[in-house]
Amino acid sequence: MSEDVRLVAWVRGRVQGVGFRWFTRAKALEIGGLSGFALNLADGRVQVVAEGSREGCEGLLGWLAGDDTPGRVDGVTEIWDTPRGGYDGFAIR
């Protein structure tokens with residue numbers, strides 16, 4: 001049985017104004033079983049919060065740090081935690 005986790009990731013680079021949040025949501029839905037959100041931050045980063053299976057969250061993190069994202073990702077910082085719940089699907093904020 002897979003352990004449920006909470007991933008909080010901050011993505012830096014040219015990630016605002018390029019559809020990054022929309023594609024992040026689409027990837028989370030493609031992976032399946034993930035809930036959370038993607039949010040533009042005032043400093044130009046995008047914050048991604050995802051809850052679900054460790055495997056699913058690791059897949060999303062791999063995509064966030066990979067070469068298949070819109071814009072340009074210069075780096076991703078992440079923390080792992082226990083799920084808090086309260087999300088209805090995966091939202092763009």
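Residues numbered from 1 in each chain as written. Predicted model: local features only at pLDDT ≥ 70, side-chain atom pairs only at ≥ 80, totals over all residues. Heavy atoms only, no water.

1. Here's the deal with the pattern of salt bridges
Right, on to step 1. Tallied over the full model, the rule gives seven salt bridges.
Right, on to step 2. Arg 45 serves as the salt-bridge partner of Asp 43, at 2.8 Å between the closest nitrogen and oxygen.
Right, on to step 3. Residue Asp 43 is classed as exposed on the basis of its relative accessible area, which comes to 52%.
Right, on to step 4. A salt bridge links Asp 81 to Arg 84; the nearest nitrogen and oxygen atoms lie 3.6 Å apart.
Right, on to step 5. Given a relative accessible area of 61%, Arg 84 falls into the exposed group.
Right, on to step 6. Three or more residues are tied together by salt bridges with common partners; here these are Glu 3, Arg 54 and Glu 58. (Salt bridge = Lys/Arg side-chain N within 4 Å of Asp/Glu carboxyl O. Buried < 20%, exposed > 50% of the residue type's maximum accessible area, 1.4 Å probe, protein only.)

2. Some words on the environment of Gly 66
Right, on to step 1. With respect to the element layout, Gly 66 can be found in the loop between helix H2 (54-65) and strand S4 (72-81).
Right, on to step 2. Distance in space between the C-alpha atoms of Gly 66 and Gly 19 is 16 Å, their sequence separation being 47 residues. (Helix = DSSP H or I, 4+ residues; strand = E, 2+ residues; numbered from the N terminus.)

3. Overview of the environment of Arg 21
Right, on to step 1. Along the chain, Arg 21 falls in helix H1 (residues 20-31).
Right, on to step 2. Other than its neighbours up to four places away in sequence, Arg 21 contacts Ala 38, Leu 39, Asn 40, Val 46, Ile 92 and Arg 93. (Contact = heavy atoms within 4.5 Å.)

4. Things to note about the UniProt feature "active site" (unreviewed entry) in the protein chain
Right, on to step 1. As annotated in UniProt, the feature "active site" (unreviewed entry) corresponds to Arg 21 and Asn 40 in the numbering used here. Spatial clustering of the annotated residues is evident: they stretch over 20 residues in sequence, but the largest pairwise C-alpha distance comes to 7.8 Å.
Right, on to step 2. Taking relative accessible area as the criterion, Arg 21 reaches 24% and is therefore assigned partly exposed.
Right, on to step 3. With respect to the secondary-structure elements, Asn 40 resides in strand S2 (residues 35-40).
Right, on to step 4. Discounting residues that sit within four places of it in the chain, Asn 40 has contacts with Gln 16, Arg 21, Arg 45, Val 46 and Arg 93. (UniProt positions renumbered as here; feature names shortened; annotations may be inferred.)

5. Observations concerning H1
Right, on to step 1. Across its twelve residues, H1 extends 16 Å between first and last C-alpha, which sits within 8% of the 16 Å expected from 1.5 Å per residue.
Right, on to step 2. Of all the positions in H1, only Phe 20, Thr 24 and Ala 28 are classed as buried. The arc that holds every buried residue of H1, seen down its axis, measures 75°, which confines them to one face. In H1, the exposed positions that point more than 90 degrees away from the buried face belong to Trp 22 and Glu 30. (Expected span 1.5 Å × (residues − 1). Arc of directions from axis to C-beta.)

6. A look at the nonpolar core
Right, on to step 1. Within the largest apolar cluster, 19 residues are counted, with the highest numbers of intra-cluster contacts made by Ala 9, Val 48, Leu 60, Leu 64 and Phe 90.
Right, on to step 2. Residue assignment for this core shows that the elements contributing at least two residues are strand S1 (4-14), H1, strand S3 (46-53) and H2.
Right, on to step 3. In terms of residue count, H2 provides more of this core than any other element does, five residues in total. (Core = buried A, V, L, I, M, F, W, Y, C linked by side-chain atoms within 4.5 Å.)

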